[in-house]
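Chain residues, written in single-letter form:
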Amino acid sequence: MSSKQLFTIRIAAIVALGGFLLGFDASVISGVVKFIEPEFQLTKIQLGWAVSSITLTAAFGMIIAGPMSDKYGRRKLLKYASILFTISAIGSALAGTFFWLIIFRMIGGLAVGAALIIAPMYIAEVAPPEKRGQLVSFNQLNIVIGISIAFFTNYLILKWGSSDASWAENIGLGKWNWRWMLGLEALPAILYYLGLLIVPRSPRWLMTKGKTEEAIKVMKKIVSDEEAEIQIKDVARSISEDQNKEKSKLGDLFKKSMKKVIIIGLIVGIFQQIVGINAVLFYAPMIFEQTGIGTDASFVQAALVGLTNLGFTIVAMLTIDKFGRKPLLIIGMIGIAICLFLLSYGFNEATYVLSQEALANLPSEINRDQIASLVGKVFETDLDFKAAIVSALGEESAAIHEATLVTASAKMNTLLILVGIIGFVGAYAMSIGPVMWVLFSELFPNRIRGIAISFVGLINLGIAFLVQLLFPWELSIFGNAKTFLIFGIFAVLGFIIMWFKVPETKGKSLEELEELLVK
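Everything quoted here is computed from the prediction, not taken from an experiment.

(A) Here's a closer look at the overall build of the protein. Scanning the protein for helices and strands turns up 26 helices and three strands. What you see for the protein is a C-alpha radius of gyration of 24 Å, in line with the 24 Å of a compact globule of 519 residues. Evaluated residue by residue, the protein yields a buried proportion of 54% over its 519 residues. Taking the contacts inside the protein whose residues are at least 6 apart along the sequence as the reference set, 81% of them involve residues at least 24 apart. Of the roughly 22500 Å² of accessible surface on the protein, 64% is carried by carbon and sulfur atoms. When the 45 positive and 40 negative side-chain charges of the protein are each reduced to one mean point, those points stand 8 Å apart.

Structure follows, in structure tokens:
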């Protein structure tokens, strides 16, 4: 491997750390919700807000980051994002009230939105054409790695916090477990900032600012001197042509000629989130606790979900150009629907019985006299059992001890639930998860691609926000079985619509696709 290739890979890897922070920041909350709900006495909507608030500001961050990066540069915006990630991590860990926790989580959301679009943008601008797809996919891979590492570190903090190790007790790993989970992100965020100090400014951005000599120096570190001169001339010509064109506007998206591609983009963008992936990823330990396996095991299985997500994302990267976009979408949506119905069936078959043995093993802070009337009674649904807990303990005490009592009483096929969740995440990760972004980059004409991707991406994040916000409320109103049934119905609907509406884009040039889809 040449020194130029190593240089390109090194700077792409550093910039892609923004994707890692994005994935980590978004999913670390999965281990936190169990602890902040009783500590801050949260309602189900407030709990959902703790998870989803980051997505709301990510949408805003995505909108403002693009124009700001055009003005100030890709590298500078990524530095700002790394600072915001650090502030968010430390502030969230030290938050004394729910209000300040939300404020610092939302600050992190701004960084998430910026990293979401600027990191791949920078990599695309420095990568040689023949390596662009592979290097840009670095960022998506890092997002999934960040999600997996967040699951794993949450488990380790919980495990070490409950051990007898003196060092863990000295730093309050058990007492302040959720604060350590959130604060840990500061370390990679600081490393990201330091790494960006050795990353050059984007040569294409430099050209837009008239800094041709610096752009040539950077380009010559990536490709041969001759190729650098050719690419710089091409960039200069492209900039000159763009200056003579009328800038694209949001209203252009709603022209009749754009109707087909916008509808396709919205279909894929909406169904990528409405099947409930972020509900599973961001509430994984809470879902597994509903099966009765206990807190430690639920965090282990959540880590397994992260590894599944990572493995099947790699599968998608290796097969998307071989098999095509639509086959992966169709196979994936079928798998998603089957697994969601499997989860609905598994939870529907569950019963909840608090035995004398389970009663004796409950933590001492739970008043056994108050719940003695529940012993031996068989409850057919989680909703009935939770209602009985509220009746016995009162709303405030029930909110604190509900997870413990459900874990002690649930009787269900835990293997079936695990298979359903792992299968769902795997089917999603090898299909609509990564395929959506590939389709977004191919569907829209060159002249309007940036604004079109921002528009459908904003809708995608809006749906993600609603799914994350409402999931705890859905569980409390509809129960586990009906909630996953609703997601499964959405998956079937998505499969049918995609079968008829989404075209295959594999092997076609962007110009061919524009001629085919834009009428």
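(B) View of the packing of helix 21 (residues 382-393) against helix 22 (residues 395-409). Running from N to C, helix 21 and helix 22 cross one another at 135°; their axes reach a closest spacing of 9 Å. Taken together, helix 21 and helix 22 sit at an angle that is classed as oblique. Like other packed secondary-structure pairs, helix 21 and helix 22 cross with a definite hand, here right-handed. From helix 21, Phe385, Lys386, Ile389, Val390 and Leu393 reach across to helix 22, where they touch Glu395, Ser397, Ala398, His401, Glu402, Leu405, Val406 and Ser409. Here the contact of helix 21 with helix 22 is built from residues that sort into seven nonpolar, three polar and three charged.

(C) Summary view of the pattern of salt bridges. Under the criterion given, the structure shown has eight salt bridges. One salt bridge connects Arg179 with Glu39, and the closest N-O pair in it is separated by 3.4 Å. Of this pair, Arg179 sits in helix 9 (residues 177-183) while Glu39 is found in helix 3 (residues 33-39), placing the two residues 140 residues apart along the sequence. Residues Asp382 and Lys386 are paired through a salt bridge, measuring 3.8 Å at the closest nitrogen-oxygen approach. Taken as a pair, Asp382 and Lys386 lie in helix 21 at a separation of four residues, close to a single helical turn. In this pair, the class of Asp382 matches that of Lys386, namely buried.

(D) Seen up close, the nonpolar core. Ile336 and Ile371 are the most contacted members of the largest nonpolar core, which has 162 residues in total. Apart from the residues lying within four places of it in its own chain, the contact partners of Ile336 are Val275, Phe424, Ala427, Tyr428, Ser431, Ile432 and Ala491.

(E) Focus on the side chain of Ser27. As for its placement among the helices and strands, Ser27 is situated in helix 2 (residues 17-27). With relative accessibility at 0%, the residue Ser27 sits in the buried group. Not counting the four nearest positions on each side in its chain, Ser27 is found in contact with Gly146, Ile147, Ala150, Asn154 and Phe282.

(F) Up close: helix 14 (residues 259-274). Its 16 residues place the ends of helix 14 22 Å apart at the C-alpha level, agreeing with the 22 Å of an ideal helix rising 1.5 Å per residue. Buried residues of helix 14: Val261, Ile262, Ile264, Gly265, Ile267, Val268, Gly269, Phe271, Gln272, Gln273 and Ile274, and no others. Of the residues one or two after helix 14, Gly276 is the one with positive phi, at around 95°.

(G) Just helix 1 (residues 3-15), in detail. Its 13 residues place the ends of helix 1 18 Å apart at the C-alpha level, agreeing with the 18 Å of an ideal helix rising 1.5 Å per residue. Every buried residue of helix 1 is accounted for by Phe7, Thr8, Ile11, Ala12, Ile14 and Val15. Around the axis of helix 1, the buried residues are gathered within 160° of arc, so they sit on the same side.

(H) The side chain of Ser202, seen in detail. Looking at the element boundaries, Ser202 is found in the loop between helix 10 (186-196) and helix 11 (203-208). Its relative accessible area of 2% is what places Ser202 among the buried residues. If near-sequence neighbours (up to four positions away) are discounted, Ser202 is found in contact with Arg74, Tyr122, Glu125 and Val126.

(I) View of the packing of aromatic side chains. Counted by the stated rule, this structure contains 17 aromatic pairs. Arranged with centres 5.8 Å apart and planes meeting at 75°, the rings of Phe40 and Trp178 form a pair that is edge-to-face. Within this pair, whereas Phe40 is found in the loop between helix 3 and helix 4 (44-72), its partner Trp178 is found in helix 9, the two being separated by 138 residues in sequence. Across this residue pair, the class does not change: Phe40 and Trp178 are buried. An angle of 70° between the planes, with centres 6.3 Å apart, marks the rings of Phe484 and Phe487 as edge-to-face. Here Phe487 and Phe484 lie together in helix 25 (residues 449-501), a separation of three residues that amounts to about one turn. Comparing Phe484 with Phe487 shows no difference in burial state: the two are buried. An aromatic cluster is defined as three or more aromatic residues linked by ring pairs; in this entry it consists of Tyr283, Phe347, Phe471, Phe484 and Phe487.

(J) Summary view of the environment of Glu365. Position of Glu365 among the secondary structure elements: in the loop between helix 19 (356-360) and helix 20 (368-371). For the pair Glu365 and Tyr155, spaced 210 residues apart in sequence, the C-alpha separation works out to 24 Å.

(K) Representation of the sheet that holds strand 2 (residues 378-379) within the structure. Strand order in this open sheet of three strands is 2-1-3, and the pairing throughout is antiparallel. Strand pairing shows two members of the sheet lacking a second neighbour, strand 2 and strand 3 (410-411), which therefore form its edges.

Definitions and cut-offs
Residues numbered from 1 in each chain as written. Predicted model: local features only at pLDDT ≥ 70, side-chain atom pairs only at ≥ 80, totals over all residues. Heavy atoms only, no water. Helix = DSSP H or I, 4+ residues; strand = E, 2+ residues; numbered from the N terminus. Rg over C-alpha atoms; globule rule 2.2 N^0.38 Å. Buried < 20%, exposed > 50% of the residue type's maximum accessible area, 1.4 Å probe, protein only. Contact = heavy atoms within 4.5 Å. Areas by Shrake-Rupley, 256 points an atom, 1.4 Å probe, with all protein chains shown as cover. Lys, Arg positive; Asp, Glu negative; His and termini not counted. Charge placed at Lys NZ, Arg CZ, Asp CG, Glu CD. Axes fitted to C-alpha atoms, helices over the stretch in contact; angles between N-to-C directions. Parallel < 35°, antiparallel > 145°, perpendicular 65-115°, else oblique. Left-handed = near helix turned anticlockwise from the far one by under 90°. Nonpolar A, V, L, I, M, F, W, Y, C, P; charged D, E, K, R; others polar. Salt bridge = Lys/Arg side-chain N within 4 Å of Asp/Glu carboxyl O. Core = buried A, V, L, I, M, F, W, Y, C linked by side-chain atoms within 4.5 Å. Expected span 1.5 Å × (residues − 1). Arc of directions from axis to C-beta. Phe/Tyr/Trp six-rings, centres within 6.5 Å; stacked < 30°, edge-to-face > 60°. Pairing = 2+ DSSP bridges.

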